[in-house]
Amino acid sequence: MRLILALALFLPAMAAEERCVWLNAATAGGALGGAVHAAVTPTSCEFTRQSGGHDFALRIEVTAISAPHAQCGPRADALKAIGNEALACAYEGKEGWIGEQVTGRVRDQAFLVRISTNDRTAAPKTLREKARNIAEQVAGFLF
């Protein structure tokens, strides 16, 4: 009886924990500078962090290459050794936010890694480097 009661108490907590297939929360927290909250779907993970009035977000998407996916425009920088056809570019999303993203593919899967923030003092070069580092991990996982 105690075992059943213990399982009844702990299973909902275990089921509520969302885990990203491509990156763990500790690594995401390292990129965003602290503890993060994760929102996970079958094709994406979004890690968010709030600190000192600023919001930070790390988004990872992985879809079949045949599905529509985010891309960089003509000002993109080609990246080597991160899957195939990897590109880095600035991301213009929410009003007042800045961000950088890396897109690419591994075999038949397209991936996107995007880091963005409403902290206008953040250096785009730093955001791009963080996006690149996370993209390397995601591409490695997809191999």
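In this report, the structure presented in the accompanying data block is examined.

**Things to note about the pairing of strand E7 (residues 109-117)**
Turning to step 1, where the next piece is worked out: Within E7, eight of the nine residues are buried, leaving the element largely enclosed by the surrounding structure.
Turning to step 2, where the next piece is worked out: Here strand E3 (residues 54-64) pairs with E7 via nine bridges, running antiparallel. Within E7, the residue paired with Ala57 across the bridge is Ser116.
Turning to step 3, where the next piece is worked out: In terms of strand pairing, strand E6 (residues 98-106) meets E7 through nine bridges, oriented antiparallel. The residue bridging Gln101 from the neighbouring strand is Arg114, located in E7.
Turning to step 4, where the next piece is worked out: The turn linking E6 back onto E7 is made up of two residues, and Arg107 within it adopts a positive phi angle of 55 degrees.

**Side note on unusual backbone geometry**
Turning to step 1, where the next piece is worked out: Phi is positive for Ala81, close to 65 degrees, though the residue is something other than glycine.
Turning to step 2, where the next piece is worked out: Residue Ala81 is classed as exposed on the basis of its relative accessible area of 79%.
Turning to step 3, where the next piece is worked out: Phi is positive for Arg107, which is not a glycine, with a value near 55 degrees.
Turning to step 4, where the next piece is worked out: Here Arg107 lies in the loop between E6 and E7.

**Focus: the packing of aromatic side chains**
Turning to step 1, where the next piece is worked out: All chains considered together, the criterion is met by zero aromatic pairs.
Turning to step 2, where the next piece is worked out: Residue placement shows Lys94 over the ring face of Trp97; its charged tip is 4.4 Å from the ring centre.

**What to know about the pattern of salt bridges**
Side-chain pairs of opposite charge can arise whenever the charged atoms involved come near each other.
Turning to step 1, where the next piece is worked out: Enumeration according to the criterion identifies six salt bridges in this entry.
Turning to step 2, where the next piece is worked out: Between Asp77 and Arg128 there is a salt bridge; the shortest N-O distance is 2.5 Å. Here Asp77, found in strand E4 (residues 77-78), pairs with Arg128, found in helix H3 (residues 124-142); they are 51 residues apart in sequence, far enough to count as distant.
Turning to step 3, where the next piece is worked out: For Arg128, a relative accessible area of 22% gives the class partly exposed.
Turning to step 4, where the next piece is worked out: The residue Arg128 makes a salt bridge to Glu100 at a minimum N-O spacing of 2.7 Å. With Arg128 in helix H3 and Glu100 in strand E6, this pair connects stretches of sequence that are 28 residues apart.
Turning to step 5, where the next piece is worked out: Judged by its relative accessible area of 6%, Glu100 falls in the buried class.

**Some words on the environment of Phe143**
Turning to step 1, where the next piece is worked out: Following the sequence through the fold, Phe143 ends up in the segment after H3.
Turning to step 2, where the next piece is worked out: Residue classification places Phe143 among the exposed residues on the basis of a relative accessible area of 54%.
Turning to step 3, where the next piece is worked out: Sequence separation between Phe143 and Gln109 is 34 residues, and the spatial gap between their C-alpha atoms is 9.9 Å.
Turning to step 4, where the next piece is worked out: Once residues lying within four places of it in the same chain are set aside, the contact partners of Phe143 are Gly83, Val106 and Arg107.

Conventions adopted
Residues numbered from 1 in each chain as written. Predicted model: local features only at pLDDT ≥ 70, side-chain atom pairs only at ≥ 80, totals over all residues. Heavy atoms only, no water. Buried < 20%, exposed > 50% of the residue type's maximum accessible area, 1.4 Å probe, protein only. Helix = DSSP H or I, 4+ residues; strand = E, 2+ residues; numbered from the N terminus. Pairing = 2+ DSSP bridges. Phe/Tyr/Trp six-rings, centres within 6.5 Å; stacked < 30°, edge-to-face > 60°. Lys NZ or Arg CZ within 6 Å of the ring centre and 35° of its normal. Salt bridge = Lys/Arg side-chain N within 4 Å of Asp/Glu carboxyl O. Contact = heavy atoms within 4.5 Å.

Any functional reading would require information beyond the geometric quantities listed.
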